[in-house]
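Descriptive structure summary
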Amino acid sequence: MFERLPPGGFDPATYRVAPAPATRLLEAGDVIDLGNRHFIVEHVPGHSPGSIALWEPETGLLLSGDAVYDGPLINDLYHSNPDDYIETMHRLRELPVRVVHGGHYPSFGRERYLQLIDDYLAGRRAPGCPDAGAAVCGRP
């Protein structure tokens, strides 16, 4: 993972990343204008209450964060809400997504995107049910 040790005097126990100051709060429907690209903010609670995804309709690109990725979708953390996650999945399923870049695991296309959502909604992407071939594990 590392090519060399950090410079002398480095103490990992005291290291902190300085946060960038917030310039505004994002709301669902806001547009992030990068000049040649425009992303729409999607509120995608479930995994965590304030989760967002960024949707680029022109290209069909979804930066999904922790809402949809190609692994076990986590909904059993202290801040998770499975009912919100189900609602989020139904809304995301309606987007004409072509490519997904999730917060974890490799990127994937529309077919896998729909399969992941459908598997979650069917109860097969809950923690402990890592693949679509697993037996139904109950309500997520």
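Residues numbered from 1 in each chain as written. Predicted model: local features only at pLDDT ≥ 70, side-chain atom pairs only at ≥ 80, totals over all residues. Heavy atoms only, no water.

**Considerations on the overall build of the chain**
When its secondary structure is counted, the chain shows 2 helices and 6 strands. Counted from the first residue to the last, the chain has its helices and strands arranged as β-β-β-β-α-β-β-α. Across the 140 residues that make up the chain, the buried fraction comes to 31%. For the chain, restricting intrachain contacts to residue pairs at least 6 apart in sequence, the fraction spanning at least 24 positions comes to 47%. For the chain, the accessible area works out to roughly 8,800 Å², and carbon and sulfur atoms hold 57% of it. (Helix = DSSP H or I, 4+ residues; strand = E, 2+ residues; numbered from the N terminus. Buried < 20%, exposed > 50% of the residue type's maximum accessible area, 1.4 Å probe, protein only. Contact = heavy atoms within 4.5 Å. Areas by Shrake-Rupley, 256 points an atom, 1.4 Å probe, with all protein chains shown as cover.)

**Focus: the sheet that holds strand β1 (residues 31-33)**
Each strand in a sheet pairs with another by means of backbone hydrogen bonds, the pair being arranged parallel or else antiparallel. With mixed pairing, 6 strands are arranged side by side in an open sheet as β1-β2-β3-β4-β5-β6. Every interior strand has two partners, whereas the edge strands, β1 and β6 (108-109), have only one. With 4 bridges connecting them, strand β4 (residues 61-65) and strand β5 (residues 99-102) associate as parallel partners. Paired with Leu62 across the bridge in β5 is Val100. (Pairing = 2+ DSSP bridges.)

**Considering the pairing of strand β2 (residues 38-43)**
As paired strands, β1 and β2 are joined by 3 bridges and run antiparallel to one another. Paired with Val31 across the two strands is Ile40, which belongs to β2. Hairpin connection, β1 to β2: the antiparallel pair is bridged by 4 residues, and Gly35 has positive phi, about 95°. Summarising the sheet, β2 and strand β3 (residues 52-56) pair through 4 bridges and their orientation is antiparallel. Across the sheet, Ile40 pairs through a bridge with Trp55, a residue of β3.

**Brief notes about the packing of helix α1 (residues 82-93) against helix α2 (residues 110-121)**
Interaxial distance between α1 and α2 falls to 10 Å at its minimum, and their mutual angle equals 150°. The orientation of α1 relative to α2 falls into the category roughly antiparallel. Handedness of the α1/α2 crossing: left-handed. Residue-level inspection shows Pro82, Tyr85, Ile86, Met89, His90, Leu92 and Arg93 of α1 in contact with α2, the latter providing Arg110, Tyr113, Leu114, Ile117, Asp118, Tyr120 and Leu121. A breakdown of the residues in the contact of α1 with α2 according to their chemical character gives 10 nonpolar, 1 polar and 3 charged. (Axes fitted to C-alpha atoms, helices over the stretch in contact; angles between N-to-C directions. Parallel < 35°, antiparallel > 145°, perpendicular 65-115°, else oblique. Left-handed = near helix turned anticlockwise from the far one by under 90°. Nonpolar A, V, L, I, M, F, W, Y, C, P; charged D, E, K, R; others polar.)

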